Amino acid sequence: MNLSMSTKNQPLLLLAITNVLAVAMPHALNAAEPTSLAGKASAGFVVSDFKYALSENFDEMLSCPQGVSKNEFEIYAMTPEGARKPTESEDDFEKRAMQAAYAKMANGGRNLCLHPELGEKDPYFRVLDNTRELTQGINLDGRASADDFSTPDGEQGIDNQFLRLVGCSQSFQPSGTSNGFAIEMLAGSWGILLSLSGVDDWQNDDLVEVSIFANADPIQLSPARKPLHYASYNYDSDSRFQTVTKGKIKDGVLTTEPADMRFHHVTNALMLERIFVDAQIKASISDDGALSGYLAGYMPIEALYDYQFGYRHATLADGSLAPEARRVQTSNGASFVLGYTCQGVYQAMHHLADGHYDPIEKQFTSISTQMKFEAVPAFVIETDSRNTDITSTGAQ
Amino acid sequence: MTANKFMRLFIVSITICISLLGCERDASSLREPAAAGGPLLVRALTESQYRASVHSIFGEDAPIAMRFEPGLRSEGLLAVGTSEVGLSPFSLEQYNQAAIALSDFVFNPDNPNQPCLDSAADQFDQTCAQHYLSTTGLRLFRRPLSEAQLNLYLEIAKQNFSLLGDFHTGLKYGLVGLLTAPNFLLRIEQTEIVDGVEVLDAYSRAERLAFFLTNTSPDETLLTAAANGQLSHVEGRRQQVERLLASDTLTLAVEDFFTDMLRFDRFRDISKDSGIYPAFNADVLQDAQQQTLLDIVQHLLVDEGDYRQLFNLKQTHLTRALGPIYRVPVPNRKGWSEVSFPSDSAYAGIQSHASFLALHSHPGSSSPTLRGKAIREVFLCQEVPDPPADVDFTLAEETNNHAMPTAKDRLIAHNNEPSCAGCHKIMDPPGLALEQFDGVGKFRVLENNTPIDVAGNLDGQAFETVPQFAQALSNHREIPRCLAERLYRYSVGRDVTWHERAFLDYLNQVFVDVDYRLKPLMRTIALSDSFYAIDGNHSQLSDTHPKIAEAKP
């Protein structure tokens, strides 16, 4: 099947016109606060928080009754030869077990994180396979099937197989470290911009244009490291990181039509790409021009494995493939720290995939994923803009 | 009433007379009144002048490793304070430290421009040392070294050569001596007798001219003109004035004047509550000042615009750091973008800039009182007395007072105090007109969920909105007068004397006749006799005066 991003994108020629946002300052006697969206036809946003939508009622005993996934160290330690010997110090034991675990992952020169398809089945990888979990998000396929989740307020059909994939991995629990990747966003490594245009009514409008971009600029922060409102950002000039879709607003909630999206992602200074296919947005628009809601779609599993677990095609800032040693160290280290095996997660994501069925291979090729996000008002500037007159590009 | 206040009242009366009678004069018919002049001065170099002088003499890479003491503001200007301030032991220590670091830089063996590079290290090269100290001394002292001065610094170099055994090290300490000399750190004006009249000597004229039009020491061309007597006659001065007015350094001089007038030195002490004003950071602090100076230079020098229009300009320059304050798009990712505010925007003119609004506010709130006082003092040259010692600010500062939700409500209550009402009557209208800007200049229309009423009256001009206030300020008759008189005070580094009132009147009329353009005003000052004149009562600064005496080696 063709997962090309460009087929669903609108002609980018429109961007120069529709996404240079400018907001006229309100008249001094207008009692509406200048941050209000009232009277404006367009608005821009910069994503200020971005994370996976996880379980809202996680309980380790109930959610993962068979325990959580294990890394190679823990697996080795459970074998007879890997068990700590009575005369062995803790340091010596750890050193021996780590060496054994790394040796297994090294896999005779074809590291299992870079070649997860070569790994034997991981019997210790655990997925969230119960029906009790509640999570927020978007019903991507319009159906409520057995694998889907429900929201705390009873809405059914939330597609989030990614949550099943990582739900029983230690680092993806509420106190875990895997959902803190927005730190890199706040450090300026990557970012996401949105803009809405053609808006007649910010409460109810049947047709608005929604643009989603990778941010080309570091996010601007306050001294307390909170994203600033109404900062200006250029979007990425690479058309692969630009998406235009249609949307509607009902009772102040924006929903968009499915579109492919691609964002930058950075881990350990390795450049990666986060890809969503047939992604949708459902977000509340506040009176002061902020967005809060969900961005959900299907992540192609090979791409998902690359940016989240294996870093197989990670590049350096100049676009060249990162040295293998660095990719191996990052992926192997992550599996240790975050508590899984690379082959285990790779096998599970193939098992859990629920999107974009490939009739030739007779398998699904993508996995539904829900991201929770917040966005604050911003100005989205067209790349290579030379126009410096606000009034001439002003509010539409 | 002081002489100054009386004089200002007199000038205002004359202006009103001229306006009412329609007796404006043509610029070409104006004649400068007989120059009255003021006293001879000894002025300390300002920080910017010190920096500019060092860089113009030793290059832009020359290090300046010192902390400068805050200046003394007098008559609204640090430039005037330079003739009233002394050098503290701390400053002298800092100047000495800077002189050593600078001399180390100049005499660094890796420096291809090291003086006397061809001289042997183990012998004192008298010829080269004498040449270096005399030529560098000319630039630093802004006049040729006397024989005694040159011998002094040569002797310093020789003694250090003897002690340290290295010619260049010895000469380096000769340079340290020059850099710490009063003749460099202080602008010591000197006189000569021409036709029986005591006048500023040529080098003092060059110095006044250079610092006024370039904010740095005289360049070699100007020093040569002084040496040749060119500055003693009008045409010679005109050539130099036109040369300096056409040079890039005029921008530095204009920036320095407005930095001084707008009191930007106080930015070094400014602090804002980051919880209340998250967008105000170190970048904003720097860029806000530069934004105002860029607008001033663009409008007054590049566009040769009317000074009064500075107060309702819709065009400005912004960086991305400033964008969240003004909440407008900033196109350029790096550096400055030229931006135009919409016609109905509250942002119009330099009094609506973050530099003015943040500087004249409290750390956690706006301040109509501070802003009103600043409008009066900075732009209108009107004095507002300090508050009485026993004034109770509690009511005015209760920003969360829901019974009196806006600053206007609170000030009305506060003004029931008779001792406060008089000053607030003049401060509040312009201060409250800017209340739709918060403590860092971000636009708002509500305070405590209550609409902010900015309507008021500025000395007879009623306004309902912030843009209307900008227009009223721009139209205010004291706006151009204040600029012209302040610029003259800045140029001569002192308050005006009683006998100069006619010259100020002349200057104000010239400003009218040149359509309130800055460069012609500066030309008029620089070519005037008054700019160079000294009065006869300056015996306190004769050679026997301690200030002069101690400056002589």
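Residues numbered from 1 in each chain as written. Chains lettered and ligands numbered in written order. Predicted model: local features only at pLDDT ≥ 70, side-chain atom pairs only at ≥ 80, totals over all residues. Heavy atoms only, no water.

K.L.:
How should the overall build of chain A be read in this particular structure?
P.N.:
Within chain A, the secondary structure is distributed over nine helices and 11 strands. Here chain A holds 396 residues, and 54% of them are scored as buried. Of the contacts formed within chain A by residues at least 6 apart in sequence, a portion of 68% connects residues at least 24 apart. When the accessible area of chain A is evaluated, it comes to approximately 17,000 Å², of which 53% is carbon and sulfur surface. (Helix = DSSP H or I, 4+ residues; strand = E, 2+ residues; numbered from the N terminus. Buried < 20%, exposed > 50% of the residue type's maximum accessible area, 1.4 Å probe, protein only. Contact = heavy atoms within 4.5 Å. Areas by Shrake-Rupley, 256 points an atom, 1.4 Å probe, with all protein chains shown as cover.)

K.L.:
I would appreciate a short explanation of the domain arrangement of chain A in the present structure.
P.N.:
When the parts of a complex come together, some accessible area is lost, and that lost area is often taken as the interface size. All names here are of chain A. When the domains of chain A are assigned, the result is domain 1 (12-59 + 124-381) and domain 2 (72-116). A separation of 36 Å is found between the C-alpha centroids of domain 1 and domain 2. On the side of domain 2, 13 residues touch domain 1, which itself brings 15 residues to the contact. Summed over both sides, the interface between domain 1 and domain 2 buries roughly 1,300 Å², with carbon and sulfur atoms accounting for 70% of that surface. Its largest share of buried area at the contact with domain 2, domain 1 owes to Tyr124, Phe336 and Gln343, together 43% of the area lost on that side. The interface formed by domain 1 and domain 2 holds zero salt bridges in total. Counting the contacts that link domain 1 with domain 2 gives three residue pairs in polar contact (both at pLDDT 80 or more). Secondary-structure elements contributing two or more residues to the side of domain 1 that touches domain 2 are helix H7 (301-310), helix H8 (324-338) and helix H9 (342-352). By residue number, the principal contributor to the side of domain 1 that touches domain 2 is H8, which donates seven residues. Here the residues of the side of domain 1 that touches domain 2 are counted per class, giving six nonpolar, six polar and three charged. (Domains from an automatic or database assignment. Buried area = accessible area lost by both parts, 1.4 Å probe. Salt bridge = Lys/Arg side-chain N within 4 Å of Asp/Glu carboxyl O. Polar contact = N/O pair within 3.5 Å; in protein donor to acceptor, adjacent residues only side chain to side chain. Nonpolar A, V, L, I, M, F, W, Y, C, P; charged D, E, K, R; others polar.)

K.L.:
Explain the confidence of the model for chain B here, please?
P.N.:
Should the pLDDT be low somewhere, the predicted coordinates at that spot are not to be read in detail. Residues and elements named next belong to chain B. Residue-level pLDDT values for chain B average 89, and 89% of them are 70 or greater. Within chain B, no element has a lower average pLDDT than helix H1 (residues 3-21), which sits at 43, and none a higher one than helix H15 (residues 354-359), at 98. Note on residues 1-28: pLDDT under 50 across the span, and 37 contacts to partners over four residues away in sequence or across chains. Below pLDDT 50 for its whole length, residues 538-553 participates in 23 contacts with residues either more than four positions away or in separate chains. Both scores are given for the predicted complex: the pTM is 0.86, the ipTM 0.83. (pLDDT = per-residue confidence, 0-100.)

K.L.:
Hey, could you run me through the pairing of strand S10 (residues 355-358) of chain A in this one?
P.N.:
Along any regular strand the residues' side chains alternate between the sheet's two faces. Residues and elements named next belong to chain A. Direction of pairing for S10 relative to strand S11 (residues 363-381): antiparallel, over a ladder of three bridges. The partner of Tyr357 across the bridge, within S11, is Phe364. Here S10 folds back onto S11 in antiparallel fashion, the turn holding four residues, of which Lys362 has a positive phi close to 55 degrees. (Pairing = 2+ DSSP bridges.)

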